[in-house]
Amino acid sequence: MSINCQAISKRFGATQALDHVTLTLEPGHIYGLLGNNGAGKSTLLSILTDRQLPDTGTVTIDGLPVRNNDKALHKVFLVGDQNFFPDDMKVQRALRTVPYFYPDFDLARAFDLAKQFGLPLKKKLPNLSTGYASIFRLIVGLCVNTPYLIFDEPVLGLDAQHRELFYRLLVETYMSRPCTVVLSTHLIDEVEDLIDYTIILREGKILRSGPTEELVGQAVCLSGPAGLVDEYTQDKTVLTSHSLGGLKTVTLQGNWEEPLPLGLEKSTMRLQDYFIRLQEAEDRAAARREEASHES
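This section reports on the structure supplied with the text.

Conventions adopted
- Residues numbered from 1 in each chain as written.
- Predicted model: local features only at pLDDT ≥ 70, side-chain atom pairs only at ≥ 80, totals over all residues.
- Heavy atoms only, no water.
- Helix = DSSP H or I, 4+ residues; strand = E, 2+ residues; numbered from the N terminus.
- Buried < 20%, exposed > 50% of the residue type's maximum accessible area, 1.4 Å probe, protein only.
- Contact = heavy atoms within 4.5 Å.
- Pairing = 2+ DSSP bridges.
- Axes fitted to C-alpha atoms, helices over the stretch in contact; angles between N-to-C directions.
- Salt bridge = Lys/Arg side-chain N within 4 Å of Asp/Glu carboxyl O.
- Core = buried A, V, L, I, M, F, W, Y, C linked by side-chain atoms within 4.5 Å.
- Parallel < 35°, antiparallel > 145°, perpendicular 65-115°, else oblique.
- Left-handed = near helix turned anticlockwise from the far one by under 90°.

### As for the overall build of the chain
Helix and strand content of the chain: 10 helices and 14 strands. For the chain, the spread of C-alpha atoms along the principal axes amounts to about 70 × 40 × 35 Å. Looking at the chain residue by residue over its 296 residues, the buried ones come to 46%. Excluding contacts between residues fewer than 6 apart, the proportion of contacts in the chain whose partners are at least 24 apart in sequence is 66%.

Structure (structure tokens):
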């Protein structure tokens, strides 16, 4: 039981959106799909749900190919930024329509969540604000009860109170009826305590993936006098380095328990810090490759 992607590639003109991406989404996890703009996150999710065709590769859900396969596609629901209801349909009517396509949709809970969010039921869908349009789609996702639930930038346009409400309701949904959840978001600091497995995309490839705690534990921050930092890190893998006056802070790949020399301080990283430092390291590596290519 899983969503399985094998060697997925997708190109748009000169842009390689995805480049031989292989991954498996197992039951019982809340995945975080992270990446900068243009990393390929939305393209990957669209291919997972058969909204776009890959140039190469295959996607299966519980062993079933997704291409034009209603049996497979009814197992997964993608909450994105698109509205698939008629423009003249009101919110209340749209919610009542969902069970025709997803029989396990919890209509009573949907109306309860609409009340909690303050969603205006009598408004037509196109007349909703950006925030309430997002809320409508989130409510559908939270109540659809599919085995696989995917959110692509789910809190677009939501204020802090509504974002917190969504995260709480997502956990309630996950706990009451376990499913596989994928959260694709730029708001890493808001979701890092929710996601137990992280996938980081960069330029269409998987840069890192693994249990969130293990990924974050693969790097540490070290700070202190510049000379002492340089001496201590000369045989270690330095991801990033920042200096201010005579002080220096570096991000090191790996972790260890050996005592530090007097004057140095080590601190663990949060997921957002790890993501940023990893991107900085990749940017510098790309710049070095570019420089080397010009020299050759």
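The rest of the description comes next.
### Thoughts on the sheet that holds strand 5 (residues 64-65)
The antiparallel open sheet is built from four strands, whose spatial order is 2-1-4-5. Looking at strand neighbours, the two that pair on one side only are strand 2 (15-25) and strand 5, the edges of this open sheet. As defined by bridge partners, strand 4 (residues 56-61) adjoins strand 5 across two bridges and the pair is classed as antiparallel. Opposite Ile61, over in strand 5, you have Leu64 as the bridge partner. Sheet contacts for helix 1 (residues 41-48): strand 1 (3-12), strand 2 and strand 4; angle to strand 2, the most-contacted strand, approximately 55°.

### A few points about the pattern of salt bridges
Tallied over the full model, the rule gives 12 salt bridges. Among the salt bridges present, the one from Asp55 reaches Lys10, with a minimum N-O distance of 3.8 Å. Highlighted residues: Asp55 in the loop between helix 1 and strand 4 and Lys10 in strand 1, separated in sequence by 45 residues. For Asp55, a relative accessible area of 46% corresponds to the partly exposed category. Accessibility expressed as a relative area gives 13% for Lys10, which makes it buried. Here Arg67 ties to Asp50 by a salt bridge, and the two come within 3.2 Å at their closest N and O atoms.

### Structural notes on the environment of Leu215
Along the polypeptide, Leu215 turns up in helix 8 (residues 212-216). On the basis of relative accessibility, which here comes to 2%, the residue Leu215 falls in the buried class. Each C-alpha atom, one on Leu215 and one on His74, is 32 Å from the other, the two residues being 141 residues apart in sequence. Dropping the residues within four chain positions of it, Leu215 is found in contact with Thr198, Arg208, Ser209, Gly210 and Tyr274.

### Considerations on the nonpolar core
With 58 residues, the main nonpolar core has Leu95, Phe136, Ile139, Phe151, Phe166 and Leu183 as its most contacted residues. Per element, the largest residue contribution to this core is eight residues, and it comes from helix 5 (residues 130-143). In contact with Phe166, other than residues within four places in its own chain, are Phe117, Leu138, Leu142, Phe151, Pro154, Val155 and Leu183. If you look at the next biggest cluster of nonpolar residues, it comprises 26 residues, including Leu45, Val59, Val66 and Ile150.

### What to know about the side chain of Ser46
Within the element layout of this structure, Ser46 appears in helix 1. Those residues within four positions of Ser46 in sequence are excluded, and the remaining contacts are Arg51 and Gln52.

### Topic: the packing of helix 4 (residues 107-117) against helix 6 (residues 160-176)
The N-to-C vectors of helix 4 and helix 6 enclose an angle of 155°; their axes lie 11 Å apart at closest approach. On the basis of their axis angle, the class for helix 4 and helix 6 is roughly antiparallel. Note that helix 4 runs across helix 6; the crossing there is right-handed. Only His162, Leu165, Phe166, Arg168, Leu169, Glu172 and Thr173 of helix 6 make contact with helix 4, whose side of the interface consists of Arg109, Leu113, Gln116 and Phe117.

### Observations concerning the sheet that holds strand 3 (residues 30-34)
Ordered in space as 6-7-8-3-9-10, the six strands form an open sheet in which the pairing is mixed. The open sheet has two free edges, formed respectively by strand 6 (76-79) and strand 10 (205-211), since each of these has just one partner strand. On average, each strand axis in the sheet is inclined to that of its neighbour by 15°, with strand direction left out of account. Where strand 6 and strand 7 (residues 148-152) come together, four bridges link them in parallel fashion. From the neighbouring strand, Val76 faces strand 7, where its bridge partner is Tyr148. Its contacts with the sheet place helix 5 against strand 6 and strand 7, and it is angled at close to 160° to strand 6.

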